[in-house]
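Overview (structure and organization)
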Amino acid sequence: KAGVTQTPRYLIKTRGQQVTLSCSPISGHRSVSWYQQTPGQGLQFLFEYFSETQRNKGNFPGRFSGRQFSNSRSEMNVSTLELGDSALYLCASSLQGALNTEAFFGQGTRLTVV
Amino acid sequence: GQNIDQPTEMTATEGAIVQINCTYQTSGFNGLFWYQQHAGEAPTFLSYNVLDGLEEKGRFSSFLSRSKGYSYLLLKELQMKDSASYLCAVRDPNDYKLSFGAGTTVTVRA
């Protein structure tokens, strides 16, 4: 069965622009979480969606937003991009977001802001 | 909040054993996960501990002590392909999110 698919894999944007990243979870998985990974900060939790509802949110500014569709695919949007937003953005899906189920990660989108 | 600490780097020889420690101080706890991440790739699940004790899975084992807020990942019979970053993550029972440590980069030398 197909894994978690993230598009695009690489993206270059300029400061002030906005960007939308996409994540298609494993078929049947209803929970999608987004993480930002940078060399200095490691993996930082952005938000989690379950059945089209944002269930949890990390400590990121309002420029970071997301949504989930009825087919469980999720998008995240970053507006007014800053240089510090350059990072690897990973999404992870799990069966129901239950406490003891592992999360499966996509390959990530490498965003570079210039 | 969550505070998760693990060493930044470790180096070991092919065929040897390496133990990666992870200590955590969290407001809630419902399981500790270990992930492996090769450079430029997605993290992949290695193990999950929710009760105290040792979980063995082939060459990899993971241990948990909830009273000490401590876990370790043991890699035996190291192979060159084990060179990667190893991430310790704790799940909060209140909000389902995983909080990750900064990761330990393991380098296996011939």
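Provided above is the structure to which this section pertains.
Read on for a plain summary of the structure. (Residues numbered from 1 in each chain as written. Chains lettered and ligands numbered in written order. Predicted model: local features only at pLDDT ≥ 70, side-chain atom pairs only at ≥ 80, totals over all residues. Heavy atoms only, no water.)

**Here we look at unusual backbone geometry**
Excluding glycine, most residues fall at negative phi; most peptide bonds, likewise, are trans. Residue and element names in this part refer to chain A. In this model, Thr7 is joined to Pro8 through a cis peptide bond whose omega is -10°. Inspection of the secondary structure assignment puts Pro8 in the loop between strand 1 (5-7) and strand 2 (10-13). Phi is positive for Ser51, close to 50°, though the residue is something other than glycine. You can see Ser51 is positioned in the loop between strand 5 (42-50) and strand 6 (53-57). One non-glycine residue, Thr80, lies in positive phi territory at about 45°. Counting through the fold element by element, Thr80 comes out in the loop between strand 8 (74-78) and strand 9 (87-94). (Helix = DSSP H or I, 4+ residues; strand = E, 2+ residues; numbered from the N terminus.)

**Notes on the state of the cysteines**
A complete count under the given rule lists 2 disulfides over all chains for this structure. Here Cys23 of chain A engages in a disulfide with Cys91 of chain A; their sulfurs sit 1.8 Å apart. One quick way to see it: the torsion about the S-S bond of Cys23 of chain A and Cys91 of chain A is about 60°, and its sign makes the bridge right-handed. Highlighted residues: Cys23 of chain A in strand 3 (residues 19-24) and Cys91 of chain A in strand 9, separated in sequence by 68 residues. Of the two residues, Cys23 of chain A and Cys91 of chain A, both sit in the buried class. Linked covalently through their sulfurs, Cys22 of chain B and Cys88 of chain B form a disulfide whose S-S length is 2.0 Å. Because the torsion about its S-S bond is -65°, the bridge between Cys22 of chain B and Cys88 of chain B counts as left-handed. Pair noted here: Cys22 of chain B is in strand 3 (residues 18-26) and Cys88 of chain B is in strand 9 (residues 84-91), with a separation of 66 residues, a long-range link. (Disulfide = S-S within 2.5 Å. Buried < 20%, exposed > 50% of the residue type's maximum accessible area, 1.4 Å probe, protein only.)

**A short note on the nonpolar core**
Counting 21 residues, the largest nonpolar core has Trp34, Leu46, Phe64, Met76 and Tyr89 of chain A as the members making the most contacts within it. For this core, the elements supplying multiple residues, two or more each, are strand 3, strand 4 (31-38), strand 5, strand 8, strand 9 and strand 11 (109-113) of chain A. What Met76 of chain A contacts, discounting residues up to four positions off in sequence, is Val19, Thr20, Leu21, Trp34, Leu46, Phe47, Phe64, Ser65, Gly66 and Tyr89 of chain A. Membership of the second largest hydrophobic core comes to 20 residues, among which are Cys22, Leu73, Tyr86 and Val106 of chain B. (Core = buried A, V, L, I, M, F, W, Y, C linked by side-chain atoms within 4.5 Å. Contact = heavy atoms within 4.5 Å.)

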